[in-house]
Amino acid sequence: MKRCLMLLLALLLSLPGTGVAEGEIWITRVKGYDFEEDFEMAVPEGAMADRIRALLSDTFPFPEAWDGDTHPNRCEHFNIRMDGKIYSLYYNTLDEQAWLAQGKERWGLSSDTGAMFEALYRQKPRNFQMIARHQALFSDYGWTLDYALGSMQINLPAALDITPLDNAALYFVYHDLFLRDEGYDITPHLGESVTVTIYRVHEGVNRIAWCPEDWELVQRDLGVTVYLRGIVLERQGTIIGAYLSAGRHDTTFALSLGGRTDRDILGEQTLTEYLVSRSAITEEEKRLAKMSPEEVLAYFGDAASAAQAALCFTREKRLKELSANMEDHALFAPVYLHTPMRGLTQVEKIEQLDHFYRVELENPTEDWGSNIYFPEMIWESPETGWKIINFYNSGL
């Protein structure tokens, strides 16, 4: 009986105009599988609802080349109740194709619009209010802000020098590239509290901007679009910096407001060279720089502190880990690379693979659940020596 009542309620809510306030838009994600969560969102009358109407009216004839596959393995499906009508929006996440349907009619949509609806489901913004001066700033550079993901107070690092455990310093040393590229200077505010506001940016960027070596992905028509977050830094109501960041994809997927990557800004200098040049190299790291790869791995196993363990990893690896499994409303996440590999009993080089080693643990811990790992080592610089760039526990 309860199930029948629920079905009846769902049917009533699906009727045009039922349960939807005037000017409001109601979005429901159609579950492809039973284990997926329910998702419904009401977008109240206002700027965001007007924007959704504009995006859904910007259609084109459904391309004959599109197969219109709606299988849930590859396609997100949303029902949209708007202005007394019901539409279905489909977003093929693999081929990055979006379309709108009503009855037997279908119209093509921008893939950015499809991605925005998927983001609404994934990110679940709490409100759609945005600060006008932030919108205007990004608009001046050709970017559109969809909605705010969060706002927070943080303390800027005391100095822009990379140290083993100061995540904030590592983060801002890197993003200082993009701030300075647009004329921002945060050094007068180091050590001070600033307001950080994070937005979703509507326009996607091809990942080839950061990974030109992956150009063949475009040739194979695979989805390669990255959607960024707009970051605004303010001190006492004054904007002191802004840039774009992909967040949980990879810390190094970032852009200046003008759309420049770290490669564009650094020119001939590599990211590793830049990070090392902005580091406070301790006497302990100078000692570590004289060690062989095998000795560095043994040092990691015996490290007496998280700071010593962190010295064993490349700065670029530590930077990228700042966004691993990060929530979209966060600026960066804690780094979990600093747990020494206790009980390391054997280190041997894999002769068939350059810079790969096999290490064995006598008694695996909760942090290191397997007893065999395959670390990859890389020469970071003459000042810092050999470092760990990756750990693998299978596949070699």
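For the structure itself, consult the block above.
Residues numbered from 1 in each chain as written. Predicted model: local features only at pLDDT ≥ 70, side-chain atom pairs only at ≥ 80, totals over all residues. Heavy atoms only, no water.

Enquirer: I keep staring at the sheet that holds strand E9 (residues 193–206) and nothing clicks. Help me out?
Expert: Strands pair in a sheet through their backbones, by hydrogen bonds, and they do so in one of two ways: parallel or antiparallel. Taken in spatial order, the 5 strands line up as E8-E9-E10-E11-E12 in an open sheet, and their pairing is antiparallel. The strands lining the two open edges of the sheet, one partner per strand, are strand E8 (145–155) and strand E12 (254–255). Sheet topology places strand E10 (residues 225–235) next to strand E11 (residues 238–245); 7 bridges connect them, and they run antiparallel. When the bridges of E11 are listed, Gly230 appears paired with Leu244. Its contacts with the sheet put helix H2 (residues 47–57) on E8 and E9, and the angle it makes with E8 is roughly 135°. Each of E8, E10, E11 and E12 touches helix H5 (residues 167–181); the most contacted strand, E11, lies at about 100° to it. (Pairing = 2+ DSSP bridges. Helix = DSSP H or I, 4+ residues; strand = E, 2+ residues; numbered from the N terminus. Contact = heavy atoms within 4.5 Å. Axes fitted to C-alpha atoms, helices over the stretch in contact; angles between N-to-C directions.)

Enquirer: Would you explain the environment of Arg126 in this entry?
Expert: Among the structural elements, Arg126 can be located in the loop between helix H3 (111–123) and helix H4 (132–140). For the pair formed by Arg126 and Ala148, sequence separation is 22 residues and the distance between their alpha carbons is 8.4 Å.

Enquirer: I'm lost on the nonpolar core in this one. Help?
Expert: Most often, soluble globular proteins keep nonpolar side chains buried together rather than apart. Grouped together as the largest cluster of nonpolar side chains are 78 residues, with contacts concentrated most on Phe117 and Phe172. The leading source of residues in this core is H5, at 8 residues. Residues in contact with Phe117, not counting those within four places in the same chain, are Ile27, Ile52, Leu56, Phe78, Ile80 and Leu89. The next biggest cluster of nonpolar side chains, apart from the first, holds 19 residues, and it includes Leu297, Ala309, Val359 and Trp386. (Core = buried A, V, L, I, M, F, W, Y, C linked by side-chain atoms within 4.5 Å. Buried < 20%, exposed > 50% of the residue type's maximum accessible area, 1.4 Å probe, protein only.)

Enquirer: Sorry if this is basic, but what is going on with the side chain of Lys387 here?
Expert: On the secondary structure map, Lys387 appears in strand E16 (residues 385–392). Separated by 2.7 Å, the side chains of Lys387 and Glu285 make a polar contact. Reaching out from Lys387, the side chain makes a polar contact with the backbone oxygen of Leu311 at a distance of 2.4 Å. In this structure, Lys387 is in contact with Glu285, Leu288, Leu311, Cys312, Phe313, Thr314, Arg315, Glu376, Met377, Ile378 and Glu380, ignoring residues within four places of it in sequence. (Polar contact = N/O pair within 3.5 Å; in protein donor to acceptor, adjacent residues only side chain to side chain.)

Enquirer: How should I be thinking about the pattern of salt bridges in this particular structure?
Expert: Where side chains of opposite charge bring their charged atoms close, a pairing between them can arise. Taken as a whole and judged by the stated rule, the model has 26 salt bridges. Arg260 is the salt-bridge partner of Asp181, the closest N and O atoms lying 2.9 Å from each other. Taken together, the positions of Asp181 in helix H5 and Arg260 in the loop between E12 and helix H7 (262–266) put the pair 79 residues apart, joining distant regions of the chain. Judged by relative accessible area, Asp181 falls into the partly exposed class, the value being 25%. A salt bridge links Lys286 to Glu283; the shortest N-O distance between them is 3.3 Å. Of this pair, Lys286 and Glu283 both sit in helix H9 (residues 283–288), 3 residues apart, roughly one helical turn. For Lys286, a relative accessible area of 40% puts it in the partly exposed group. Via salt bridges that share partners, Arg29, Glu36, Glu76, Glu118 and Arg122 belong to a single interconnected network. (Salt bridge = Lys/Arg side-chain N within 4 Å of Asp/Glu carboxyl O.)

Enquirer: What should I look at first to understand the sheet that holds strand E1 (residues 25–29) in this one?
Expert: Strand order in the open sheet formed by 7 strands is E2-E1-E4-E5-E6-E7-E3, and the pairing between neighbours is antiparallel. The two strands at the open ends of the sheet, each matched to only one other strand, are strand E2 (40–43) and strand E3 (60–61). Relative to strand E6 (residues 97–102), strand E5 (residues 85–92) runs antiparallel, the two sharing 5 bridges. Bridge pairing links Asn92 to Gln97 in E6. In this fold H2 packs onto E1, E2, strand E4 (75–82), E5, E6 and strand E7 (105–109), with an angle of close to 65° to the strand it touches most, E1. Against the sheet, H3 contacts E1, E2, E4, E5, E6 and E7, and its axis sits at roughly 85° relative to E4.

Enquirer: I tried to follow H2 on my own but got confused; where do I start?
Expert: Looking at H2, one finds that the buried residues are Met48, Ala49, Ile52, Leu55 and Leu56. The buried residues of H2 occupy an angular sector of 125° when the element is viewed end-on, so they sit on one face. In H2, those exposed residues whose orientation departs by more than 90 degrees from the buried face are Ala47 and Ser57. (Arc of directions from axis to C-beta.)

Enquirer: Can you walk me through the pairing of E16 in this structure?
Expert: The side chains of a regular strand alternate between the sheet's two faces. Summarising the sheet, strand E15 (residues 372–381) and E16 pair through 7 bridges and their orientation is antiparallel. Bridging from a neighbouring strand, Pro375 pairs with Phe391 of E16. Taking the residues between adjacent antiparallel strands as the criterion, E15 and E16 are bridged by 3 residues.

Enquirer: Is there a simple way to think about the packing of aromatic side chains in this case?
Expert: For any two aromatic rings, the description comes down to two numbers: the centre-to-centre distance and the angle of the planes. Here the structure, examined in full by the defined rule, presents 19 aromatic pairs. With centroids separated by 4.8 Å and ring planes inclined at 10°, the aromatic side chains of Trp210 and Phe253 adopt a geometry described as stacked. Pair noted here: Trp210 is in the loop between E9 and helix H6 (216–219) and Phe253 is in the loop between E11 and E12, with a separation of 43 residues, a long-range link. Using a relative accessible area of 9% as the deciding quantity, one classes Phe253 as buried. (Phe/Tyr/Trp six-rings, centres within 6.5 Å; stacked < 30°, edge-to-face > 60°.)

Enquirer: What am I meant to see in the side chain of Glu380 here?
Expert: Among the secondary structure elements, Glu380 is positioned in strand E15. By relative accessible area, which is 10% here, Glu380 ends up buried. In terms of polar contacts, Glu380 uses its side chain to reach the side chain of Thr384, at 2.8 Å. Setting aside chain neighbours within four positions, we find Glu380 in contact with Thr272, Val276, Glu285, Thr314, Arg315, Gly385 and Lys387.

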